[in-house]
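A structural walkthrough
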Amino acid sequence: MFRTALRNVLAHKGRLLMTMLAVMLGTAFVAGTLVFSDTMGQALRTQNSKSYADIAVTVSDNAAVGNGYGDGAAADTPTLTEETRKKVAALPGTAEARGVVSGFTGIADKNGALIGNGFSTTGTNYVPGADGTDPRYPLVEGRGPKDATEIALDTRTAEKGGYHVGDTVRAAVNGPVMELKLTGTLHTNDPRVMAGGSLAAFDTATAQKLYLSPGRYAELDIKAKPGTDDAALLTAVKQVLPQGDNIEAKTGRELAAEQDRMIGKLTKMLNLFFLGFAGISLFVGIFIIANTFAMLVAQRTKELALLRAVGATRRQITRSVKIEAVLVGLTASVGGLVAGIGIAVGLRALLNGPMDSNLPDGPLVVSPLTVLVSLAVGVLVTLVAAWLPARRASRIAPVAAMSTNEQPATQKSLRVRNAVGLLFTLAGAGALAAGVGGKEVKLVGLGAAALLLGVFVLTPLLSRPLIALLAPLLRAVYGTPGKLAQENAVRNPRRTAATASALTIGVTLITSLTVIGASVNKAVDDSSDNDVKADYTVVMANGSKLSDEVATQIAKAPGVSAMSAERGLRVTLGEGKGKGEDDADLEWLTAVDPATIDQLATIKIKDGSADALKQGKLLVSSGRSEQAGYKVGSTLAVTYPDGTKGSLTVGGVLEANTALAGVIAPEGVVGPHTLPGSGLNKVLVKGKDGATEQLRQALRDATGGNPLISVKGQKDIKAESRQDITNVLNLLYGLLGMSVVIAVLGVVNTMAMSVFERRREIGMLRAIGLDRLGIRRMVRLESLLIALFGGLVGVGLGILSAWAVIRTMAGDLKGLSTVVPPLQIAGFLLAAAVIGLLAALWPAHRAAKLDILGAIKSE
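For the structure given in this document, a descriptive report is provided here. (Residues numbered from 1 in each chain as written. Predicted model: local features only at pLDDT ≥ 70, side-chain atom pairs only at ≥ 80, totals over all residues. Heavy atoms only, no water.)

Here we look at the pairing of strand β14 (residues 247-251)
The side chains of a regular strand alternate between the sheet's two faces. The criterion, for reference: Throughout, exposure labels follow a simple rule: accessible area from a 1.4 Å probe, protein chains only, divided by the maximum for the residue type, with under 20% read as buried, over 50% as exposed, and the rest as partly exposed. Put simply, DSSP H or I for four residues or longer makes a helix, DSSP E for two residues or longer makes a strand, and each gets a number counted from the N terminus. Only strands joined by at least two bridges in the DSSP assignment are considered to pair.
Counting buried positions along β14 yields 4 of 5 residues, so the element is predominantly enclosed. Here strand β1 (residues 57-61) pairs with β14 via 5 bridges, running antiparallel. Its bridge partner lying in β14, Val57 is registered against Thr251.

Now the structure itself:
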């Protein structure tokens, strides 16, 4: 039977080509993901080990966050000072104790634009040794900075900005721009810089002033003398450190191991994300494989019956078809493994080339596990898909099958299938409705999965009525070829269903993502229009805090009629009302100017007084009020970041508002209790003449031209939100593209094999007068009907799934409701039609070229 299986594979290799391609593409997705993640993980771990190679112990001050991230440090918080560094340096086992300061620094190019992205604009201190150089950052040209007027840059940033040693560089932290002399260029392996960011190095005193406070360090990196045990040095270091929860000391090996674990988690998440889409592609491939083997079994009915007649058992017939599936799966998987390695190489080249990600170098990692998983997945998927056709083949009767080329599915089998499909559909719809009503995401997911499965099972039943809807148009426009195409499309419902379902999966997911994206965009736009009155919002591009000086300068800018700084600070509530927080005693307050906030944001009071802020009281959003139990009149004992204690009274409850969420407090009440360096979240600005370019430029001038500070109008905020959603959707569309390609292969395969098994019928049609153009039209229209059927079902399922998800998310985003973009939905159906027509080009050409007499004589 093995020889029989091998002969059958070789004899039908042309008809199995599309199936092999489908398996190969899915396997390539899996292999490419595993090879790329393994390669990047190994490169990152190697780079990480080099970073800690000469560090025996590291001491970190977790409160030293710099650049206004967090609330700053209270007066009694222990810190790492120069005195601490000297104590550590004086220990017997210490060879060197280096104080490190770091934060964010934006570097402007010569046109004033930010170099790199805001989240990777790194700043640090340059610590020269006895030779005047810092071993962490080898000099490429020039020297390191020595005072507050100097700066050094990494070579890539200097090149991007067109800077040379001796030039004046415009740099900024969270306040006005500084103009500094470039004294040197540096080399760095910092992954943030290598991923497209920038590195600015200052002398230690300047870095401390910019990021923390004079004499304070964020970290101490300690090198050990030869022969000193790291653990023993760690014990000695801990004895001279200030005591506090924010001070943490670990060995370099411990830190390297932690980083390795983080890298492992990152690569695992990357694997799971991409393998999820690979699984979708393989799931789509199952429909194609099953369809192909079912058609091959039907076309080989006489052959299989003869084998039964000469003594082959049912088990042997089943085993023969399974062996064919294994051979097909193994061959395709080997090709997929090779293609996957090529994809990983190409992806790394793309990221390091046009996308300028500059990922760490390292050898290509193709582990034995990757090889085994890739081959096993391809073979297993093919074997599972061929299981039902193999069982069907074993049931062919030795004598009864001799008189026909194909055994149609019995009405009983279709009734059983329809009953099972209806059961899954009803169960899925019920779970979906229950999940939406109770806002249970898991239940919604299970319901959607069951509903999709039920509809897939019911597709043979659905094919006739849905295809019949298009039949009158085809008959009116194309006449006889249109009528024949409609009859051919519903002749074998199982085959039509399997072919269309492969396309349905991709269309369902794409439609669902599109509807969710459109709905979120609409909600964000409406919230921006209804909740925000400010013409401009001034924020840091990297999400860090603005300097208090920025608000002072903005208030003086020409054209400003009203402004309010928005400050976030974390307080401790004595009554423990912070339900829902990680720590039940903590609450975040948003401090605003009570005199102007009503000119900058829409304030609609649900309960209490609209003048609560002016009266020195709190306003609480309705969502936070329900969650934490805050009521109008509640008096809360509070401990501020500076240790001061007091009490705050709830004066009003706001209706849902995206501009003012959580707990809002008057700046005059809580502002005096903030810590130095805590900074501002943003500044809202209203112009005398509205949102004009003159006002925008005035605000930019007021911020000193800082490239890290963004001045955003309402249109900018909407455009950014839309662009973020578009970027995510485009990524997901690209990953789903593989499943669509596999679905197209399925349509091509089905049509080609249908033409082969209907050779006699096509010959008879030619003989009675249907010309070659009519034959081509018949095949193309049949493919068009199948593709449109798959597209229609996919669009319907996609909209339903999106509706369920949006209803579940409605409480998390104000004004979120289902929005179905008609043009995009029409575009998906048009794309499905185009796919159907393109997929039929080759089969239609083959059908039209058949010799009439040869086709009539064929079996």
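Re the side chain of Thr596
Test applied: Between two residues, a contact is recorded if the distance between any of their heavy atoms is within 4.5 Å.
Residue placement: Thr596 occurs in the loop between β17 (586-592) and α18 (597-600). Judged by its relative accessible area of 14%, Thr596 is buried. Apart from the residues within four sequence positions on either side, Thr596 is in contact with Ala562, Met563 and Ser564.

What to know about helix α14 (residues 441-478)
Using the following cut-off: A helix's residues, less one, multiplied by 1.5 Å, set its expected span. The bend at a residue is defined as the angle formed between two axes, one fitted to the seven residues ending at that residue and one fitted to the seven starting there.
Helix length check: α14, at 38 residues, gives a terminal C-alpha distance of 48 Å against a target of 56 Å (1.5 Å per residue), a shortfall beyond 12%. Roughly 60 degrees is the biggest bend found in α14, and it falls at Thr459, with proline Pro460 one to four residues downstream. Count one or two residues on from α14 and you reach Gly479, which has phi positive near 65 degrees.

A few points about the packing of aromatic side chains
Any two aromatic rings considered together are summarised by their centre-to-centre distance and by the angle between their planes. This is how it is decided: Aromatic contacts are taken between Phe, Tyr and Trp rings whose centres are within 6.5 Å, Trp giving its six-membered ring; a plane angle under 30 degrees counts as stacked, one over 60 as edge-to-face, and the others as tilted.
Scanning the entire structure with this criterion turns up 5 aromatic pairs. A centroid spacing of 5.4 Å and a plane angle of 85 degrees characterise the contact between Phe283 and Phe287, whose relative ring orientation is edge-to-face. On the criterion of helical spacing, the pair formed by Phe283 and Phe287 is a turn pair, its members being 4 residues apart in helix α8 (residues 252-299). Considering the side-chain rings of Phe287 and Phe456, the 5.8 Å spacing of their centres and the 70 degrees angle between planes classify their relative orientation as edge-to-face. Here Phe287 is found in helix α8, whereas its partner Phe456 is found in helix α14, with 169 residues between them in sequence. Take Phe287 and Phe456: they sit in the same class, and that class is buried. Counting every residue linked through ring pairs, the aromatic cluster contains Phe273, Phe274 and Phe277.

Focus on the sheet that holds β14
To keep things clear, this is the line we draw: All axes are obtained by fitting lines to C-alpha atoms, using only the stretch in contact for helices, and the reported angles, taken between N-to-C directions, cover 0 to 180 degrees.
Judged by pairing direction, the sheet is antiparallel, and its 4 strands sit side by side in the order β3-β13-β1-β14 without closing on themselves. The open sheet has two edge strands, β3 (94-100) and β14, and neither has a second partner. Pairs of neighbouring strands in the sheet enclose a mean axial angle of 15 degrees, with direction left out of account. Bridging between β3 and strand β13 (residues 219-224) involves 6 bridges; their strand directions are antiparallel. When the bridges of β13 are listed, Val100 appears paired with Glu219. Where helix α7 (residues 230-240) meets the sheet, it contacts β1, β3, β13 and β14, and its direction lies at approximately 165 degrees from that of β14.

As far as function goes, none of this settles anything; it's purely spatial.
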